[in-house]
Amino acid sequence: MMERRRMDAALLGLFLVHLATALEVPLDLPQPPTITHQSPKNYIIDPRENIIIHCEAKGKPHPSFSWTRNGTHFDIDEDPNVTMKPNSGTLVVDISRAKAEHYEFVYQCTARNKHGTAVSNNIVVQQSRSPLWSKERVDPIVISEGRSLVLRCRPPAGLPPPIIFWMDNYFQRLPQSARVSQSLNGDLYFSNVLQEDSRNDYICYARFPYTQTIQQKQPIVVKVLNQEPADERKPNFLIPSGPSSSKTVLRGQVLEMECIAEGLPTPEISWAKVSGELPTKRTSFLHYDKTLRIVDVSESDAGEYRCTARNPLGSVHQTIRVTVKAAPYWISGAPRNLVLAPGESSVLTCRASGTPKPSVSWAMNGIPIENSPKDLSRKVEDDTIIFTDVQAGSSAVYQCNVSNDYGYLLSNAFVNVLSEPPRVLTQNNKVYQVIKNRQASIDCASFGSPIPKITWFKDSRSSTLDGDPYVLHDNGTLEIHTAQAHNSGKYTCVARNSLGIYENHIYLEVKEPTRILKQPEYKVVQLGRSAVFECKVKHDPSLIPTMTWLKDDGELPDDERLIVDSDSLTIVDVSESDAGVYTCIMNTTLDHDSASAELTVVERPDPPTDLELTDQKKRSVQLTWIPGDEHNSPIQKFLIQYEDFLHHRGHWHNLTEVPGTRTTAHLKLSPYIHYTFRVLALNAVDFSRPSFPSRMVKTEPAAPDENPTGVQGFGTEHDNLVISWKPLSGLQANGPGLHYKVMWRQKVVDSDWTTVTVANNSKFVVSGTPTFVPYELKVQAVNDHGAGPEPAVAHGYSGEDLPVAAPDNVQAVLLNSTLAEVHWDPVPAKLIRGHLKGYKVYYWKEHSLHKHNPHLVKSQILTFSGNHTRRMLPDLHPFSLYLFNVRVYNGKGEGPPSPNHQIVTPEGVPSAPSSLRVSNPNLDSLTLEWSPPHERNGHITGYTLRYQPVNDSNELGPVEELALPANETSLTLLNLKYSTRYKFYLNAITVRGAGPPISEEAVTVMDEAVASRQVDIATQGWFIGLMCAIALLILILLIICFIQRNKGGKYPVKEKEDAHTDPEFQPMKDDDCTFGEYSDNEDHKPLKGSRTPSNGTVKRDDSDDSLVDYGEGGDGQFNEDGSFIGQYSGKSASRETAGGHESSEAPSPINTMNSLNSFV
């Protein structure tokens, strides 16, 4: 037995190839029936419509159909209400003459041809039912507030079950919450009732989906009594009852468990799985967490679940045990059709599972297999049929039935024994297009028996496509995981089996992807302006793109304000309705790309409304308002303004600001003001329009709360004191009759305050004061209702006068030739007679210590603010005599100067020489001349001269340096190189060192021999003689030409007798001085003195005097000694006559002269 099992296992392994592929047999080949469409197992019908029971099948030959009803043959011809559609097994029951309930049976369809028989599922036909609500008397419910309540629905049993919901008389759904909710069976639960639950129209509705009818229960009246407050209590479960419960659910269905608890306060419900974790992706909580819902239930969902109801007084738990059963389900799919060639072997597997474990039964052509004819090539082992060495004529349809207590599976699979050469079902020369970097799949659907082997080639068919980057699937499809441009081309798929070969050509085109290069961006646009969304796209040029714009995932509104261009969307005159998300989608036939951006339309906010004043007191009031629409831009702040109807009617003043999150403000009020208020809102766009004004608020007058600010004292003359202040505003006056009490006294003298009253002014002048004396000042506000608080003391001074003393002990310390430091003693404060502003140093250059520098007196002033006693004098001239004095100054002006003091600056470095020029250039010498510096800054002790050669590329050569005495202003440099550029640098020197240089450049003259070679040759005697000789030769040539012409001489020309019967003189050519041709029969003769070679060209004569050597176009050249070495060389242009012969022509004298003139 074990040996047999091993053999069977080995046989199964060999047949796996037939399991892996489900072949689609072409309909032109013989094949058993296959059911393609059938009605569902549980078929609920609408009793108002004809009954249609579907049964469609295919096969070759086309199958015939028959039906069973409740397991026995159903003769359709005997029932006039039933017809079968042509070429189909579908039944149509006409219920216009019969009731639908008369056809509530179990139907099964059979499709058969000569190769086998296929059967459908058992189709249970039931009509939908929507029975009426049973009549019952519903008494009003009276209940105390706080108690729990259940309103029963008890809908009629329908097929399928109805959908339940609660509404009122106005067909409005009743509100539900954690306190009030509907259970899964349709009852309405109240965890505790409130007074507001009283109503007389609690109506339960049942909607039957198939008939689309709605029925309602009689309204329920609930009256909640408002008695003594109910006692709070811990939760208690209304559903389910008891400490535990159980539930059974089928695999793949939806599991719903509910826990509804009563209690006061309202309990909260939570869920947990005791034996594991909840499957988060398949779990949801409904009805305010009272219902736990798990979709697509699997065996792992079995176990215990706990729901907990909790309120502040305690908690209660409920355990629900869930058992998962399973109707039969396929493990690896339903059995697949087999197409076998004679002699092949394979297996048919019907592998399913379920809970409890299902049983498997086989049938062949609708007959239990144990009752079918015996076949030695077939062997049944549980859920598998093994076929070995099948033969032609053994085709059949096998039915596999898997069933348990919860359902069944019925599947048809045929075994078709065929001998068929391969064919490729995919269209020949089909073109596949794919986007670059995406997966490409090229189909090669084939059929043959035995199963063909598929081989792929590309372009040259040099090798099969197998391995990276290609993947060949069992169905013949060739996959390229990531397509690239080089994968484009022609592909050939070849199908082979033992009966033949078939090939097909496929083309693959790899296209560039569509990409949005510039995406639309988030826009915030003010109302009435324009918004532009850009969407620039790159795509494959061979694909036709289509740009589509969406708004909020829908079509764009049909509005002429929305302008769609090739790469943008423009919205003009934006309105609030334009706000939303805009998406640009670029579609091609192969791919698409999209990008989105949001448009937010903003506008300044609407003005606040409903201003209300409350809690008014003497000095405050509460202002509240309702904000206007902020128009998508949050309000940042509110500005509160007031109008003083009493003092500044028509003028609005800013009072205060509050954040945009507040809608109330506590306003401080001043006395003696008639207030009206308004509010403005500010967002990112602008302020809103002002709100309508509030009602008027009047405050009573009172004494001033404050005194003037900015009190100061100063003098405009040396004997007065001006007291000024910032006057109070009308808001600060607090009452009528505002005036000021001005008080002053000297600070240093213990004296009484002097007081005056000032009205309608903000200053007072005290005359006859001593010069620059400190004063104490006070200004107090007073009105008809009293004086303000005691004023603070301010300080000031009477008027200033000019200082009466100069600084003492003035001296200077010389730091270098251009900088000195000046010292002085400060002037006593009492002699300054005012506020010390600083000191001024007057200084000037008396004269230079050098006899050549002019005498110059020009005063300069340095001003030093503050109480300084030393400062620097910069930018002095060296070797000079300076005078200076120091003065103090105050707000009135300067005091007297100190005595003049001297500063003698030492020598410094001189400036550059004022000029440098080069004269008398010779072959090896140059003369330099210069002038002394303008600013000698001391005694000139000499000069330093440096010079160096400079080549054509501006590179500097070695430096030569010379020291020159102070009394020299010129110098001749000898032994220089001829025709060389030099650069010179000249500095003046004092005892303090050398000053900056002055520079100049010059060039020595050329060598005479070189210069002579560069003389113009046109002035040389030998050249003039040569030109004369050439002119003479040209003259002789002209004379010879005319003599030959007058004698009737002929030039060598092409014979033209055949072309011209009459001789005709041709004019002389202007460009080369040749003559026209004569049409005679004499021999052609060359011009005297010329030779005509065999090739027809003119060659140079051996003589240097040959005229050919002086033809036009020669270039003149000179050798190093200036002699003329160029030759006038020229060739007579070979000119082709009408007959094609060539002739030698004499040089043109005109052109020759032109050439000579170019050298003169």
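The rules we used
Residues numbered from 1 in each chain as written. Predicted model: local features only at pLDDT ≥ 70, side-chain atom pairs only at ≥ 80, totals over all residues. Heavy atoms only, no water. Pairing = 2+ DSSP bridges. Helix = DSSP H or I, 4+ residues; strand = E, 2+ residues; numbered from the N terminus. Buried < 20%, exposed > 50% of the residue type's maximum accessible area, 1.4 Å probe, protein only. Polar contact = N/O pair within 3.5 Å; in protein donor to acceptor, adjacent residues only side chain to side chain. Contact = heavy atoms within 4.5 Å. Salt bridge = Lys/Arg side-chain N within 4 Å of Asp/Glu carboxyl O. Disulfide = S-S within 2.5 Å. Patch = residues over 30% accessible without salt bridge, like charges linked within 9 Å, V, L, I, M, F, W, Y side chains within 5 Å. Areas by Shrake-Rupley, 256 points an atom, 1.4 Å probe, with all protein chains shown as cover. Phe/Tyr/Trp six-rings, centres within 6.5 Å; stacked < 30°, edge-to-face > 60°. Lys NZ or Arg CZ within 6 Å of the ring centre and 35° of its normal. Expected span 1.5 Å × (residues − 1). Core = buried A, V, L, I, M, F, W, Y, C linked by side-chain atoms within 4.5 Å. pLDDT = per-residue confidence, 0-100.

1. A few points about the sheet that holds strand β60 (residues 652-659)
Alright, step 1. Pairing within the open sheet is antiparallel, and its four strands lie in the order β60-β59-β62-β63. Among the strands making up the open sheet, the edge pair consists of β60 and β63 (697-698).
Alright, step 2. Bridging between strand β59 (residues 637-644) and β60 involves seven bridges; their strand directions are antiparallel. If you follow Glu643 over to β60, its bridge partner there is Trp652.

2. Digging into unusual backbone geometry
Alright, step 1. Note that the residue after Leu159, namely Pro160, is joined by a cis bond; omega there is -10°.
Alright, step 2. Along the chain, Pro160 turns up in the loop between β13 (149-151) and β14 (163-167).
Alright, step 3. Residue Leu264 is joined to Pro265 through a cis peptide bond whose omega torsion reads 0°.
Alright, step 4. Structurally, Pro265 is set in the loop between β23 (260-264) and β24 (268-273).
Alright, step 5. For Asp382, which is not a glycine, the phi torsion comes out positive at approximately 55°.
Alright, step 6. Within the element layout of this structure, Asp382 appears in the loop between β34 (378-381) and β35 (384-387).

3. Considerations on the sheet that holds strand β32 (residues 359-364)
Alright, step 1. Taken in spatial order, the five strands of this open sheet run β29-β37-β36-β32-β33, and their pairing is mixed. The sheet is open, and its two borders are formed by β29 (338-340) and β33 (367-368), each paired with just one other strand.
Alright, step 2. When β32 meets β33, the two strands line up antiparallel, connected through two bridges. Within β33, the position partnered with Met364 by the bridge is Ile367.

4. Concerning the environment of Glu846
Alright, step 1. Mapped onto the elements of the fold, Glu846 is located in strand β74 (residues 836-848).
Alright, step 2. Look at Glu846 and you get partly exposed, because its relative accessible area is 21%.
Alright, step 3. Sequence separation between Glu846 and Phe884 is 38 residues, and the spatial gap between their C-alpha atoms is 9.8 Å.
Alright, step 4. Only 3.3 Å separates the side chain of Glu846 from the side chain of Trp844, close enough to count as a polar contact.

5. Some remarks on the environment of Tyr507
Alright, step 1. Summarising the element assignment, Tyr507 is placed in strand β46 (residues 500-511).
Alright, step 2. With 74 residues separating them in the primary sequence, Tyr507 and Gln433 have C-alpha atoms 8.4 Å apart.
Alright, step 3. Ignoring sequence-local partners within four residues, the contact set of Tyr507 consists of Asn429, Lys430, Val431, Tyr432, Gly489 and Lys490.

6. Structural notes on the environment of Lys453
Alright, step 1. Of note, Lys453 is situated in strand β42 (residues 453-458).
Alright, step 2. For Lys453, a relative accessible area of 60% puts it in the exposed group.
Alright, step 3. C-alpha of Lys453 to C-alpha of Asn497: the two residues are 44 residues apart in sequence and 6.4 Å apart in space.
Alright, step 4. Among all residues touching Lys453, those that are not within four sequence positions of it are Val494, Ala495 and Arg496.

7. What about the side chain of Asp46?
Alright, step 1. Secondary-structure assignment places Asp46 in the loop between β2 (42-45) and β3 (51-53).
Alright, step 2. A relative accessible area of 12% places Asp46 in the buried class.

8. Topic: the pattern of salt bridges
Alright, step 1. Counted according to the given criterion, the structure contains 36 salt bridges.
Alright, step 2. Note that Asp301 and Arg282 form a salt bridge whose closest N and O atoms lie 2.9 Å from each other. Linking Asp301 in the loop between β26 (291-294) and β27 (303-311) with Arg282 in the loop between β24 and β25 (283-286), this pair joins segments that are 19 residues apart in sequence.
Alright, step 3. Taking relative accessible area as the criterion, Asp301 reaches 2% and is therefore assigned buried.
Alright, step 4. Here Glu509 ties to Lys511 by a salt bridge, and the two come within 3.2 Å at their closest N and O atoms.
Alright, step 5. On the basis of relative accessibility, which here comes to 11%, the residue Lys511 falls in the buried class.

9. A look at the state of the cysteines
Alright, step 1. Going through the model one piece at a time under the given rule, you end up with six disulfides.
Alright, step 2. Here Cys259 pairs with Cys307 through a disulfide, and the sulfurs are 1.9 Å apart. What sets the handedness of the Cys259 and Cys307 disulfide is the S-S torsion sign, and at about -80° it is left-handed. Taken as a pair, Cys259 in the loop between β22 (255-258) and β23 and Cys307 in strand β27 lie far apart in primary sequence, 48 residues in all. By the burial criterion, Cys259 is buried, and Cys307 matches it.
Alright, step 3. The disulfide bridge from Cys444 ends at Cys493, spanning 2.2 Å between sulfur atoms. Because the torsion about its S-S bond is 70°, the bridge between Cys444 and Cys493 counts as right-handed. Pair noted here: Cys444 is in the loop between β40 (440-442) and β41 (446-449) and Cys493 is in strand β45 (residues 489-497), with a separation of 49 residues, a long-range link.
Alright, step 4. A relative accessible area of 1% means that Cys444 is categorised as buried.
Alright, step 5. Taking only the cysteines that form disulfides and numbering them from first to last, the protein chain has the pattern 1-2, 3-4, 5-6, 7-8, 9-10, 11-12.

10. Side note on a nonpolar patch on the surface
Alright, step 1. Residues Leu1032, Leu1033, Leu1035, Ile1036, Ile1039 and Ile1043 make up a contiguous nonpolar surface patch of roughly 520 Å² in combined accessible area.
Alright, step 2. Looking at where Ile1036 falls in the secondary structure, it is placed in helix α6 (residues 1021-1046).
Alright, step 3. Taking the relative accessible area as the measure of exposure, Ile1036 reaches 41% and is therefore partly exposed.

11. Notes on the packing of aromatic side chains
Alright, step 1. Taken as a whole and judged by the stated rule, the model has 20 aromatic pairs.
Alright, step 2. Ring geometry for Trp725 against Tyr740: centres 5.6 Å apart, planes inclined by 55°, an arrangement best described as tilted. Of this pair, Trp725 sits in strand β65 (residues 720-726) while Tyr740 sits in strand β66 (residues 739-746), and the two are 15 residues apart along the sequence.
Alright, step 3. Given a relative accessible area of 5%, Trp725 falls into the buried group.
Alright, step 4. Residue classification places Tyr740 among the buried residues on the basis of a relative accessible area of 5%.
Alright, step 5. What links up through ring pairs into an aromatic cluster is the set Trp67, Phe74, Phe105 and Tyr107.
Alright, step 6. Residue placement shows Arg251 over the ring face of Tyr329; its charged tip is 3.6 Å from the ring centre.

12. Concerning α6
Alright, step 1. With 26 residues, α6 should cover 38 Å at 1.5 Å per step; its first-to-last C-alpha distance of 38 Å lies within 8% of that length.
Alright, step 2. Along α6, the residues classified as buried are Phe1023, Met1027, Ile1030, Ile1034, Leu1037 and Cys1041.

13. Some remarks on the nonpolar core
Alright, step 1. Grouped together as the largest cluster of nonpolar side chains are 31 residues, with contacts concentrated most on Ile51, Ile53, Trp67 and Val125.
Alright, step 2. For this core, the elements supplying multiple residues, two or more each, are β2, β3, β4 (55-60), β5 (64-69), β8 (91-93), β9 (106-113) and β11 (123-127).
Alright, step 3. Residues in contact with Ile51, not counting those within four places in the same chain, are Ile45, Leu91, Val92, Val93, Ile95, Ala100, Tyr103 and Val125.

14. Let's talk about the side chain of Arg561
Alright, step 1. Following the sequence through the fold, Arg561 ends up in the loop between β52 (554-555) and β53 (562-564).
Alright, step 2. Engagement of the side chain of Arg561 in a polar contact is seen with the backbone oxygen of Asp573, the distance being 3.0 Å.
Alright, step 3. Polar contacts involving the side chain of Arg561 include one to the side chain of Asp578, which spans 2.8 Å.
Alright, step 4. Setting aside residues up to four positions removed in sequence, Arg561 forms contacts with Thr570, Ile571, Val572, Asp573, Val574, Ser575 and Asp578.

15. A word on the confidence of the model for the protein chain
Alright, step 1. Mean pLDDT over the protein chain stands at 85; residues scoring 70 or higher make up 86%.
Alright, step 2. Every residue in residues 1-21 scores below 50 in pLDDT, and together they form 24 contacts with partners more than four places removed in sequence or on other chains.
Alright, step 3. A low-confidence stretch, residues 1049-1160 stays under pLDDT 50, and its non-local contacts, those more than four residues away or across chains, total 158 contacts.

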